[in-house]
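Structural overview for review
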Amino acid sequence: MSDRVIVIGAGLSGLAAACELLRRDLPCALIELRQRAGGSLCSEHCEGFVLDSGPLAFERDPAYPLADSPWPEEAFFELQGQEGGRRLHATREGSQSLIMPLLEALPAGALITRMAVSSLGQFGSGFDICLENGIVLTAPALVLAAPAHSAARMLYSLRPQVGAALRDFHHDAITRVTLGYRREDVPLPVPAPPDTGFAFCHWTDHPSRVPPGHVLLQLGLRLVPANVPAAQVIAELQANMGWPSTHRVARVARWPGPDCLEVHEPQHAQRMAALRQGLPAGIALIGSDYGAPLLEDRLRQARVAAGEIAAWLACQSGRRDR
């Protein structure tokens, strides 16, 4: 059996967990379905704008910063004048900057991309990870940092009841539309979107994200069919918001199921505690679907998971030494 802990999912939570394991001198490897790590946290520079395929705005807990955070405070700025009065933050260099210090901490060969996990099994105190290409990996412990619908499929054989519960999680499919305008072309602050088809509306004119005299807007749209062309999505959005078609830059990003609806239910924490109790010892379940709405919560989850894995491995080692 390999001595490397396997982390399944190389989004923000999985990367943070891997770094925590390495900080505890526990070797690990990450398996990621997509071609790149970071999930939706992807940014690009275009005509002086910094555009995000994933979220522009993040909820944080700045009153209680974590020690040894991978992100310096100066990497963020607070968004002003947002609809609803929520305290939101954005990153100066784009959301992709959140994953860069985590990726840089990984040793060479630790990240395996474009690889799907079909199922998980258990033998003795260790685990089998069955990949869709037929290869079977072994590990003494696992961190499952995949979305609920993917984790459900992996756990179907190992823990059917947990897999069935995760399969029933509901998600909003959000289409994110990002537009860059001259500041004079759109009214600020941005008014509340006209109906519930809009999941959110965030904007900034911070100089780290836009050229002088411009503004960057990101809106989340619900129930947009995948076959609707991006140009049509943009045109209909501009008509609904009363904005001109004179945008400088535009991006449309479609992410299936980024908003887990269960996390908004008052009993979600209790439900997740019960689901985690149903997992075998040696498996940690982390991620935004499982109760980590703030950036700091992702780090807390990763640290708790790494601590639990370390304690489990120490226990197993003690038993073998007897």
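Residues numbered from 1 in each chain as written. Predicted model: local features only at pLDDT ≥ 70, side-chain atom pairs only at ≥ 80, totals over all residues. Heavy atoms only, no water.

1. A few points about the sheet that holds strand E17 (residues 283–285)
Our working rule: A pair of strands is treated as paired once DSSP finds two or more bridges between them. For helices the rule is a DSSP run of H or I covering at least 4 residues; for strands it is a run of E covering at least 2, with both sets numbered from the N terminus onward.
Reading across from one edge, E8-E2-E1-E12-E17 is the order of the five strands in this open sheet, with parallel pairing throughout. Lying at the two open borders of the sheet, with one neighbouring strand each, are strand E8 (111–112) and E17.

2. Re unusual backbone geometry
With an omega of 0 degrees, the peptide bond between Leu188 and Pro189 qualifies as cis. One can find Pro189 in the loop between strand E13 (171–182) and strand E14 (198–204). Positive phi is not limited to glycine here, since Glu47 has a value of about 55 degrees.

3. Let's talk about the nonpolar core
Stated formally: Residues enter a nonpolar core if they are buried and are Ala, Val, Leu, Ile, Met, Phe, Trp, Tyr or Cys, with the set joined through side-chain atoms within 4.5 Å. The classification of residues rests on relative accessible area computed with a 1.4 Å probe and restricted to protein chains. Under 20% of the type maximum is buried, over 50% is exposed, and intermediate values are partly exposed. Here a residue-residue contact requires only that any non-hydrogen atoms of the pair lie within 4.5 Å.
Core analysis: the biggest nonpolar cluster contains 36 residues, and Val5, Leu15, Leu21, Val143 and Ile309 have the highest contact counts within it. Element by element, the count of residues in this core is highest for helix H7 (residues 295–321), at eight residues. Apart from residues lying up to four places away in sequence, Leu15 is in contact with Ala10, Leu30, Ala37, Gly38, Ile99, Leu102, Leu103 and Leu106. Counting 31 residues, the second largest nonpolar core, distinct from the first, contains Val117, Leu144, Leu158 and Cys260.

4. Some remarks on the sheet that holds strand E6 (residues 76–78)
Read from one edge of the open sheet, three strands run E5-E7-E6, paired in antiparallel fashion. Each end of this open sheet is capped by a strand with a single partner; those strands are strand E5 (58–59) and E6. For E5 and strand E7 (residues 88–91), the ladder comprises two bridges, and the chain directions are antiparallel. When the sheet's bridge partners are listed, Phe58 is paired in E7 with His89.

5. Examining the confidence of the model for the chain
We apply this condition: Every residue is assigned a pLDDT by the predictor, reflecting its confidence on a scale from 0 to 100.
Here the chain averages 91 in pLDDT, and 97% of its residues register 70 or above. Here strand E16 (residues 249–260) is the element of the chain with the lowest mean pLDDT, 83, and strand E1 (residues 5–8) is the one with the highest, 98.

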